[in-house]
Amino acid sequence: MSNKKHFKLTVNGEEQEFLAEPRELLIHTLRERLRQTGPHIGCETSHCGACTVTMNGKSVKACTVFVAQADGADITTIEGLGNPDNLHVLQESFKEHHGLQCGFCTPGMITRASKLLEENPTPTEEEVRFGMAGNICRCTGYQNIVKSILAAASEMNAAKEAAE
Ligand code: FES
Ligand code: FES
């Protein structure tokens, strides 16, 4: 007997409806069902943050959410932040300041950073490091990630001031 239930999600602005087992992990829903393969899986213990997405305005590790818990949610993944023809300021900044190497942590890092800068638009270096503590990187040593986020924050604030 199938235990599938009907679920509805809005992912990167598009409504998605499907049948799934309630225990399906959101990261698998996003990657395998909805083909948003930017968010990655780096662990089985909720530490690495490679799976980070924004769900209903909060940074969430999608490996630690059942699809049943996400029913009706509004979700943004890296694919919804920007694309190669129209990069998000953070994507541009990570590129500019070498905030990535293998790129595996990057979708989660940038999705988290986008939220962090909403929570705190003018963070100090320490606040960036603390605010990003749920995201692990094995390549960069973090320094250039911090630089990328601080540079993106300055740029976003300058653009905001110019618009006022
Ligand atoms: S895959 Fe590591 S925290 Fe989600
Ligand atoms: S760039 Fe490789 S894990 Fe972060």
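Here, every reference points to the structure presented above.
Now for a look at the structure at hand. (Residues numbered from 1 in each chain as written. Chains lettered and ligands numbered in written order. Predicted model: local features only at pLDDT ≥ 70, side-chain atom pairs only at ≥ 80, totals over all residues. Heavy atoms only, no water.)

**Details of the overall build of the protein**
Piece 1. When you go through the protein residue by residue, the secondary structure sums to 7 helices and 5 strands.
Piece 2. Secondary structure elements of the protein occur, N-terminal to C-terminal, as β-β-α-β-β-α-β-α-α-α-α-α.
Piece 3. Structurally, the protein occupies a C-alpha span of about 55 × 35 × 25 Å along its principal axes.
Piece 4. Here the protein holds 164 residues, and 42% of them are scored as buried.
Piece 5. In the protein, of all internal contacts separated by at least 6 residues, the share reaching a separation of at least 24 is 56%.
Piece 6. When the accessible surface of the protein is summed, it comes to about 9,100 Å², and 50% of that surface belongs to carbon and sulfur atoms.
Piece 7. The average position of the 16 basic charges and that of the 21 acidic charges among the side chains of the protein differ by 7 Å. (Helix = DSSP H or I, 4+ residues; strand = E, 2+ residues; numbered from the N terminus. Buried < 20%, exposed > 50% of the residue type's maximum accessible area, 1.4 Å probe, protein only. Contact = heavy atoms within 4.5 Å. Areas by Shrake-Rupley, 256 points an atom, 1.4 Å probe, with all protein chains shown as cover. Lys, Arg positive; Asp, Glu negative; His and termini not counted. Charge placed at Lys NZ, Arg CZ, Asp CG, Glu CD.)

**Overview of the nonpolar core**
Piece 1. Leu9, Leu26, Leu30, Met55 and Ile75 are the most contacted members of the largest nonpolar core, which totals 20 residues.
Piece 2. Once you skip the residues sitting within four places of it in the chain, Leu30 turns out to touch Val11, Arg35, Gln36, Val53, Ala62, Ile75 and Thr77.
Piece 3. Counting 17 residues, the second largest nonpolar core, distinct from the first, contains Leu90, Met109, Ile145 and Ile149. (Core = buried A, V, L, I, M, F, W, Y, C linked by side-chain atoms within 4.5 Å.)

**Focus on the pattern of salt bridges**
Piece 1. Under the criterion given, the structure shown has 5 salt bridges.
Piece 2. The shortest N-O distance in the salt bridge between Arg33 and Glu24 comes to 2.8 Å.
Piece 3. For Glu24, a relative accessible area of 19% corresponds to the buried category. (Salt bridge = Lys/Arg side-chain N within 4 Å of Asp/Glu carboxyl O.)

**Re the packing of aromatic side chains**
Piece 1. Here the structure, examined in full by the defined rule, presents 1 aromatic pair.
Piece 2. Ring plane angle 45 degrees and centroid distance 6.5 Å describe the contact between Phe7 and Phe18, whose orientation is recorded as tilted. Of this pair, Phe7 sits in strand β1 (residues 5-11) while Phe18 sits in strand β2 (residues 14-20), and the two are 11 residues apart along the sequence. The burial state of Phe7 is the same as that of Phe18; both residues are buried. (Phe/Tyr/Trp six-rings, centres within 6.5 Å; stacked < 30°, edge-to-face > 60°.)

**Some details on the packing of helix α4 (residues 89-96) against helix α5 (residues 106-119)**
Piece 1. Across the interface, α4 lies against α5 with an axial gap of 10 Å and an inter-helix angle of 125 degrees. In terms of their interaxial angle, α4 and α5 are classed as oblique. Handedness of the crossing formed by α4 with α5: right-handed. When α4 is examined against α5, the residues Leu90, Gln91 and Phe94 are found in contact with a partner set consisting of Thr106, Met109, Ile110, Ala113, Ser114 and Leu117.
Piece 2. For the contact of α4 with α5, the per-class residue count stands at 6 nonpolar, 3 polar and no charged. (Axes fitted to C-alpha atoms, helices over the stretch in contact; angles between N-to-C directions. Parallel < 35°, antiparallel > 145°, perpendicular 65-115°, else oblique. Left-handed = near helix turned anticlockwise from the far one by under 90°. Nonpolar A, V, L, I, M, F, W, Y, C, P; charged D, E, K, R; others polar.)

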